Amino acid sequence: MTARLITIPFSHYCEKARWALEIAGIAYDEDGHLPVFHYAATMRAGAKRTVPALIHDGKVIPDSTPIIAYADAQRPGTLLPSDPAKRQEALDIEDAFDRHLGPATRRWLYFQVIDRKDLDHVLLHGIPRWEALALRATRPAAIAYIKRSLKVDAAGAERSRTKIDEAFQNVGAMLGDGRRYLVGDQFSVADLTFAALAAPVLLPVQYGAPLPQLDAFSAQARERIETWRRSPPGQFALRIYADHR
Ligand SMILES: N[C@@H](CCC(=O)N[C@@H](CS)C(=O)NCC(=O)O)C(=O)O
């Protein structure tokens, strides 16, 4: 039966899940919502507050990490290495990106674009029409809530920039030996997670939902994005997108 993936369409954790389901060949319908509006869908499904959440064959699978494990179980070896040591290494790398890189790229991007009404097409893609209409009235309160809860301010964006640089340095060090993939000699959850969670600052064209275009950013932010894109880890993530998305 077709699965249902509850998302905030532009969310990079949701991108992780979409990508994994597509690689594993699990057919799904995306049930996209605006931030905060998504609570009704996740609560109703009995998932956590956060998205993505997958509903399939009567099972509720919250969080991108179990969703990836679930996807791999349908087609073993496509996302998780079959060798136990390599599998653990890939899962540890995924966990580190989930905890550090994901929040940092999200906050950095939000800081650049959250007040930009001209970028509403990014927010409004793939959500119910009533939520788009409701956003007109709730926008100031919703933006204030996101800024407060995710610490979206200049100091937070600068801390996030440092964290992104650190994650890129770590990946750069791993790639220094000439490897083509982060773990072993084939694509795994580690590569997918790095590419998806770095996507908000690399803007790959293959991303599974609209992202702002490079020319929508300030000159300073554009320069940052171009620096990240040119770096070996940025090039690596863009290649992973081009070859595997
Ligand atoms: N560990 C979770 C993190 C997901 C996450 O942070 N999702 C955000 C959207 S990017 C969310 O649902 N935030 C709503 C909230 O925290 O209330 C995963 O990997 O799925």
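Residues numbered from 1 in each chain as written. Predicted model: local features only at pLDDT ≥ 70, side-chain atom pairs only at ≥ 80, totals over all residues. Heavy atoms only, no water.

Colleague: In this structure, what is going on with the overall build of the chain? I would like to understand it.
Modeller: Secondary structure summary: the chain contains 10 helices and four strands in total. Its C-alpha atoms give the chain a radius of gyration of 18 Å, within 12% of the compact-globule value 18 Å for 245 residues. Counting only C-alpha atoms and orienting by the principal axes, one finds that the chain spans roughly 50 × 45 × 25 Å. Across the 245 residues of the chain, 50% fall into the buried class. By sequence separation, contacts in the chain at least 24 residues apart represent 74% of the contacts at least 6 residues apart. Accessible area of the chain: about 11,500 Å², with a carbon and sulfur share of 54%. Taking the 32 positively charged and 29 negatively charged side chains of the chain as two groups, their mean positions are separated by 5 Å. (Helix = DSSP H or I, 4+ residues; strand = E, 2+ residues; numbered from the N terminus. Rg over C-alpha atoms; globule rule 2.2 N^0.38 Å. Buried < 20%, exposed > 50% of the residue type's maximum accessible area, 1.4 Å probe, protein only. Contact = heavy atoms within 4.5 Å. Areas by Shrake-Rupley, 256 points an atom, 1.4 Å probe, with all protein chains shown as cover. Lys, Arg positive; Asp, Glu negative; His and termini not counted. Charge placed at Lys NZ, Arg CZ, Asp CG, Glu CD.)

Colleague: Before we go on, may I ask you to explain the site of the ligand in this structure?
Modeller: Around the ligand, the structure places Ser11, Tyr13, His38, Tyr39, Arg49, Thr50, Val51, Pro52, Asp63, Ser64 and Arg106. Measuring from an oxygen atom of the ligand, one finds a side-chain N or O atom of Tyr39 at 2.6 Å. At 3.1 Å, a side-chain N or O of Arg49 approaches an oxygen atom of the ligand. Calculation on the ligand without its partners gives an accessible area of 510 Å², and the protein chains cover 78% of this total. The site holding the ligand turns out to be the largest pocket. For the shell around the ligand, a count of residues per class yields four nonpolar, four polar and three charged. (Near = heavy atom within 4 Å. Polar contact = N/O pair within 3.5 Å; in protein donor to acceptor, adjacent residues only side chain to side chain. 1 Å grid on protein atoms, 1.4 Å probe; cavity = no way out; pocket = protein on both sides within 12 Å on 5 of 7 lines; lining within 4 Å. Sits in = over half its atoms within 2 Å of the grid points. Nonpolar A, V, L, I, M, F, W, Y, C, P; charged D, E, K, R; others polar.)

Colleague: So what exactly am I meant to see when it comes to the domain arrangement of the chain here?
Modeller: It is common to give the size of an interface as the accessible area that goes away when the parts come together. The domain boundaries assigned to the chain delineate domain 1 (3-74) and domain 2 (84-244). With centres defined by C-alpha atoms, the gap from domain 1 to domain 2 works out at 18 Å. Across the domain 1 to domain 2 interface the summed buried area is about 2,300 Å²; carbon plus sulfur atoms make up 66%. Of all residues in domain 1, Phe10, His12 and Trp19 give up the largest surface area on contact with domain 2, accounting jointly for 31% of the area buried on that side. Counting across the interface, domain 1 meets domain 2 through two salt bridges. Residue Lys16 pairs with Asp98 through a salt bridge whose shortest N-O separation is 2.9 Å. The tally of links between domain 1 and domain 2 comes to 17 residue pairs in polar contact (both at pLDDT 80 or more). Looking at the side of domain 1 that touches domain 2, the elements that each hand over two or more residues are α1 (12-24) and α3 (64-74). Classifying every residue of the side of domain 1 that touches domain 2 gives 12 nonpolar, six polar and five charged. (Domains from an automatic or database assignment. Buried area = accessible area lost by both parts, 1.4 Å probe. Salt bridge = Lys/Arg side-chain N within 4 Å of Asp/Glu carboxyl O.)

Colleague: What should I look at first to understand helix α4 (residues 84-113) in this one?
Modeller: Side chains that are three or four residues apart share a direction in an α-helix, a result of its 3.6 residues per turn. Compared with the 44 Å implied by 1.5 Å per residue over 30 residues, the 42 Å span of α4 between its first and last C-alpha is a close match. A maximum bend of about 40° is found in α4 at Asp98. (Expected span 1.5 Å × (residues − 1). Bend = angle between axes of the 7 residues up to and from the residue.)

Colleague: I tried to follow the layout of surface pockets on my own but got confused; where do I start?
Modeller: Rolled over the atoms, a probe with the dimensions of a water molecule shows which regions are left empty. Quantified by volume, the largest pocket comes out at close to 1,000 Å³. Elements with a contribution of two residues or more to the lining of the largest pocket: α1, α2 (38-45), α3, α4, α5 (120-124) and α6 (129-149). Looking at the lining of the largest pocket element by element, the count peaks at seven residues for α6. Looking at the lining of the largest pocket, its residues break down into 28 nonpolar, seven polar and seven charged. Among the domains, domain 1 (3-74) and domain 2 (84-244) are the pair contributing at least three residues each to the lining of the largest pocket. (Points joined across faces, edges and corners; volume = space filled by probe spheres on them.)

Colleague: For this particular structure, what's the right way to read the side chain of Lys16?
Modeller: Within the secondary structure, Lys16 is located in helix α1. Residue Lys16 is classed as buried on the basis of its relative accessible area, which comes to 0%. In this structure, Lys16 is in contact with Ser64, Thr65, Ile68, Glu94, Asp98, Leu192, Thr193, Ala196 and Leu197, ignoring residues within four places of it in sequence.

Colleague: Honestly, the packing of aromatic side chains in this entry has me stumped. Any pointers?
Modeller: The relation between two aromatic rings is expressed through the spacing of the ring centres and the mutual angle of the planes. Here the structure, examined in full by the defined rule, presents nine aromatic pairs. Judged by centre distance (5.2 Å) and plane angle (40°), the rings of Phe97 and Phe194 are tilted. Taken together, the positions of Phe97 in helix α4 and Phe194 in helix α8 (residues 189-202) put the pair 97 residues apart, joining distant regions of the chain. Its relative accessible area of 7% is what places Phe97 among the buried residues. Taking 5.0 Å as the distance between ring centres and 80° as the angle between the ring planes, the aromatic pair formed by Trp108 and Trp228 counts as edge-to-face. Pair noted here: Trp108 is in helix α4 and Trp228 is in helix α9 (residues 219-230), with a separation of 120 residues, a long-range link. Aromatic rings pair up to connect Phe97, Trp108, Phe168, Phe194, Trp228 and Phe236 into one cluster. The residue whose ring lies beneath Arg18 is Tyr207, and the NZ or CZ to ring-centre distance is 5.9 Å. Above the ring of Trp228, the side-chain terminus of Arg224 is found at 5.0 Å from the ring centroid. (Phe/Tyr/Trp six-rings, centres within 6.5 Å; stacked < 30°, edge-to-face > 60°. Lys NZ or Arg CZ within 6 Å of the ring centre and 35° of its normal.)

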